[in-house]
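Overview (structure and organization)
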Amino acid sequence: QVRLVESGGGSVQPGGSLRLSCAASGDIFRINQMDWYRQAPGKQRELVATSTRGGATDYADYVKGRFTVSRDNAKNAVYLQMNSLQPEDTAVYYCYANLRRTGSTWYTAYWGQGTQVTVSS
């Protein structure tokens, strides 16, 4: 069984910072892509940042220059450093992983349960 667990969410004032973490555990052979998504109330889930196993990263335009995604392949973990947070960043943030389980020959998508980020004065 595979689990993705996010942590680090909370409430912060505009201009503040938070660091989200996501750790994958279970019978994991290899993780390819690990991404961050978010979903605000009444809106669709949207991509925030992507990271490949090789270290390549990409960002949605609305977070470029403010958010930084990083990986620790040895720990099966991905992080999201969020700076200069604004009220429009308020959402539930989800971790996504495309991974191969031990004994499997294909990659499968997994999601974490989400962590709430609230930006308000």
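Our subject is the structure that appears above.
Residues numbered from 1 in each chain as written. Predicted model: local features only at pLDDT ≥ 70, side-chain atom pairs only at ≥ 80, totals over all residues. Heavy atoms only, no water.

With respect to the side chain of E6
This is how it is decided: The helix count covers DSSP runs of H or I at least four residues long, the strand count covers runs of E at least two residues long, and both are numbered beginning at the N terminus. Polar contact criterion, stated in full: a pair of N or O atoms within 3.5 Å, where within protein one must be able to donate a hydrogen and the other to accept it, and residues adjacent in sequence count only if both atoms are side-chain atoms.
Secondary-structure assignment places E6 in strand β1 (residues 2-7). At 2.7 Å, the side chain of E6 and the backbone nitrogen of C95 are in polar contact.

Thoughts on the environment of K43
Operational definition: Think of it in three bands: with a 1.4 Å probe and only protein chains considered, a residue is buried below 20% of the maximum accessible area for its type, exposed above 50%, and partly exposed in between.
Among the secondary structure elements, K43 is positioned in the loop between β4 (28-39) and β5 (46-51). Look at K43 and you get exposed, because its relative accessible area is 58%.

Overview of the sheet that holds strand β7 (residues 67-72)
Spelled out, the test is: Only strands that DSSP links by at least two bridges are regarded as paired with each other. Between N-to-C directions, angles span 0 to 180 degrees; the directions come from axes that are lines fitted to C-alpha atoms, helices contributing only their stretch in contact.
Spatially, β1-β3-β8-β7 is the arrangement adopted by the four strands of the open sheet, whose pairing is antiparallel. Single-partner strands in this sheet number two, and they are β1 and β7. In this sheet, adjacent strand axes meet at a mean angle of 15 degrees when their direction is disregarded. Two elements, β1 and strand β3 (residues 18-26), share six bridges in a ladder whose sense is antiparallel. Within β3, the position partnered with V2 by the bridge is G26.

Details of the state of the cysteines
Using the following cut-off: Disulfides are defined as pairs of cysteine sulfur atoms found within 2.5 Å of each other.
Enumeration according to the criterion identifies one disulfide in this entry. Through a disulfide, C22 is tied to C95; the S-S separation comes to 2.1 Å. Between C22 and C95 the disulfide shows an S-S torsion of about -75 degrees. By sign, it is left-handed. Taken together, the residues C22 in strand β3 and C95 in strand β9 (residues 91-101) connect sequence positions 73 residues apart. Judged by its relative accessible area of 1%, C22 is buried.

A few points about unusual backbone geometry
For N76, which is not glycine, the phi torsion reads 50 degrees and is therefore positive. With respect to the helices, strands and loops of the structure, N76 is situated in the loop between β7 and β8 (77-82). Classification of N76 by relative accessible area gives partly exposed; the value is 21%. In this structure, S84 takes a positive phi of about 50 degrees despite not being glycine. For S84, the location among the structural elements is in the loop between β8 and β9. Residue S84 is classed as partly exposed on the basis of its relative accessible area of 36%.

Here's the deal with the pattern of salt bridges
For clarity, the cut-off: The term salt bridge refers to a side-chain nitrogen of Lys or Arg lying within 4 Å of a carboxyl oxygen of Asp or Glu.
Under the defined criterion, the tally for this structure stands at five salt bridges. Between E46 and R38 there is a salt bridge; the shortest N-O distance is 2.7 Å. Judged by relative accessible area, which is 28%, E46 ranks as partly exposed. By relative accessible area, which is 6% here, R38 ends up buried. K64 is the salt-bridge partner of D61, the closest N and O atoms lying 3.4 Å from each other. What makes D61 exposed here is its relative accessible area of 64%. Residue class for K64 comes out partly exposed when judged on its relative accessible area of 46%.

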